[in-house]
Amino acid sequence: MAPESTQCVSSGSERQSPAPVTRGTRHGPGTCGMMPGMRIAEFGVEVWMNRWETRCGYNLAETCVESVTVGELLAIAGQDATAFTDEIAPIRMTYGAIKGSDRLRAAIAALYATVPPDRVLVAHGAIGANHLVYQAMVESGDVVVSVVPTYQQHVAIPESLGADVRQVWLRERDGWRLDLDELAAAADGATLIALTNPNNPTGAQLDGAALDGVAALADRAGAWILADEVYRGLDQAGDGTSASFADIYPRTIAVGSMSKAFSLAGLRLGWITAPPQVLDAVSRHRDYSVISVGAVDDLLAAIALEHADAMLARNRSIVRGNLAVLDAWVADEPRVSYERPTSGTTALLRIDAPMSSEDFCLQLLEAQGVLLVPGSAFGVEGVVRIGFANAPGVLADGLERTSAFLATLVG
Ligand SMILES: Cc1ncc(COP(=O)(O)O)c(C=O)c1O
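Residues numbered from 1 in each chain as written. Predicted model: local features only at pLDDT ≥ 70, side-chain atom pairs only at ≥ 80, totals over all residues. Heavy atoms only, no water.

1. Considering the sheet that holds strand S10 (residues 346-351)
Inference 1: Pairing in this open sheet of 4 strands is antiparallel, and the strands run S9-S10-S13-S12 from one edge to the other. Strands at the two margins of the open sheet, each flanked by one partner only, are strand S9 (336-338) and strand S12 (373-374).
Inference 2: Where S9 and S10 come together, 3 bridges link them in antiparallel fashion. Counted as the bridge partner of Val336 is Ile351 from S10. (Pairing = 2+ DSSP bridges. Helix = DSSP H or I, 4+ residues; strand = E, 2+ residues; numbered from the N terminus.)

So, in C-alpha cells, the structure goes:
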C-alpha cells in the first residue's frame, strides 16, 4: 500500500541523503556498492542525526525528553550524592548480573500490570533490544508487517534478514490513525507485526479500542506483536500512561528504554519483555553481542525506575507544556499545519514550501541553525519531523527562528 504522499527517492546530490523507508531497500538506494555483509539500508534518521546534531544551534530533531544529569536524577529520587558515591564505590567491575540485576528487572516489571521480573531481559538500548528480537524471531521468507512511518529498524532489519516486509501506512488525512482492516489484511500469514506505540514520528497513540483490535487480529493471524513502546508514559491526556501490549496480548514482545520517556539516553539501557520461549531465543543471540550492561548504568536505571512516577511527572510536564507552545505556533504559521500528536515527543509538520523536505531542513539549518528531520528519512515528502521535548527555551527560540526562515520563502 503506497502512502498518500509522494514516496521519496534518493536525491543523487553530493550531500549524503538519508535512505528512504521503502520496500525493497535491500537492493535499493543505500545498499548499492556496499561491502558484502552490509546489505542493509542506511538508517536515514541516524545518518541525519550523526551528521548534523552537533552542528546546530537549536536541536528540534531530538526525540528524548530533555536529558537529566546524574545529579538531577538523584535529586528527583531524593538520594544524596554522597550516599550514591558510597553506593557505587564498592561495586566490583565484573560483568555483573548477566540478564540485568534483580533490582532493575523488578523495577522494569513494575511498569506493567502482568509482567513478572523473570520475563525481563536487559539490552543495550531499545535499539539493541529490537535488533536482538529480529535476529531471534525472523527468518528468510517470513512475513513481517510493519506499521509505517516508523523507526527504520522495523523495516530495514527484517528486510536485511530476507523477510517479506509488508508496510501498512498511517495516513495524515486519517489523523495518522491505524486502519485495522488494512492491518488485518496484511497480517494474514505474518510471523510478526511491528509497531511503535506511541508512534515515532507522528506522535499518534493507539487508543484502547485500537490496542484491542490489533491484539485480536494478531491472534487470528497467529502472529507475534513486537511493540516498541519507548515513548510510553508521555500521553498528552489522562494519567499519561496507556496500557502496554504486554498486558493485553500474550504473544507480545514489548521493548522499552531509559532514553526517551525517562530522559536517560546516556545509560544506553533498554529491555525486552516476552514469554520465556522468546527470551530463550533472544538470549541465544544476546550471548554473542551483549553479555551484560554496565553495572553503574544498571544501578542508575534502577534508581530512576524506582521513582518512575516522579520521572514521568517531570517529563509529562515538559511535553505537555511544549506541545501547547508548538500548537500555538502552528496555528500562527500560514505555511505550517499538522495532526496534533496525542503522545510521545515528535510530530510531523506539513510545510508549504517550494522545495523537498531535505532541502527545507538544510536551508533552515544554514540560515537559522535550527535542526529538524526531513520527512524523506521516513519515506514521506512534504513534512518534517520535530521533536518537542527539549528544554522549553530551546523550543521557543527554535520556533522563532523557523518563523524567520519561513518569512523569507517565496512561492
Ligand atoms: C521508536 C524507537 N525505538 C527505539 C529507539 C532507540 O532507543 P534507545 O536509545 O533506547 O536505543 C528509538 C530512538 O529514537 C526510537 O524512536
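2. What to know about helix H10 (residues 295-306)
Inference 1: The terminal C-alpha atoms of H10, which comprises 12 residues, lie 16 Å apart, in line with the 16 Å expected from a rise of 1.5 Å per residue.
Inference 2: Those residues of H10 lying buried are Asp298, Leu299, Leu300, Ala301, Ala302, Ile303, Ala304 and Leu305. (Expected span 1.5 Å × (residues − 1). Buried < 20%, exposed > 50% of the residue type's maximum accessible area, 1.4 Å probe, protein only.)

3. Observations regarding the pattern of salt bridges
Inference 1: Scanning the model with the defined rule gives 8 salt bridges in all.
Inference 2: Across the pair Arg340 and Asp327 runs a salt bridge, and its minimum N-O distance is 2.8 Å. Of the two residues, Arg340 is situated in the loop between S9 and S10 and Asp327 in helix H11 (residues 308-332); the sequence distance between them amounts to 13 residues.
Inference 3: On the accessibility criterion, Asp327 (25% relative accessible area) is partly exposed.
Inference 4: Look at the salt bridges and you will find they share partners, linking Glu87, Arg103 and Glu306 into a network. (Salt bridge = Lys/Arg side-chain N within 4 Å of Asp/Glu carboxyl O.)

4. Re the side chain of Asn197
Inference 1: Inspection of the secondary structure puts Asn197 in the loop between strand S5 (192-196) and helix H8 (208-221).
Inference 2: There is a polar contact of 2.9 Å between the side chain of Asn197 and the backbone nitrogen of Leu206. (Polar contact = N/O pair within 3.5 Å; in protein donor to acceptor, adjacent residues only side chain to side chain.)

5. Thoughts on the pairing of strand S7 (residues 252-257)
Working note: regular strand, side chains alternate between the two faces of the sheet.
Inference 1: Counting buried positions along S7 yields 6 of 6 residues, so the element is predominantly enclosed.
Inference 2: Side chains of S7 alternate between two faces, with Thr252, Ala254 and Gly256 and Ile253, Val255 and Ser257 buried alike.
Inference 3: Looking at chain direction, strand S6 (residues 224-228) and S7 are connected through 4 bridges and run parallel. Looking at S7, one finds that Asp228 is bridged to Val255.
Inference 4: For S7 and strand S8 (residues 270-273), the ladder comprises 4 bridges, and the chain directions are antiparallel.

6. Focus: the site of the ligand
Inference 1: In the neighbourhood of the ligand, 15 residues make up the surrounding shell, with Ala126, Asp228, Tyr231, Ser257 and Ser259 lying closest.
Inference 2: Ala126 is positioned such that a nitrogen or oxygen atom in its backbone is 2.7 Å from an oxygen atom of the ligand.
Inference 3: Here an oxygen atom of the ligand sits 2.7 Å away from a polar atom, N or O, in the side chain of Tyr231.
Inference 4: Within the complex, the protein chains bury 94% of what would otherwise be the 400 Å² of accessible surface of the ligand.
Inference 5: By residue class, the composition of the shell around the ligand is 5 nonpolar, 7 polar and 3 charged. (Near = heavy atom within 4 Å. Areas by Shrake-Rupley, 256 points an atom, 1.4 Å probe, with all protein chains shown as cover. Nonpolar A, V, L, I, M, F, W, Y, C, P; charged D, E, K, R; others polar.)

Function-wise, these values are silent; they only describe arrangement.
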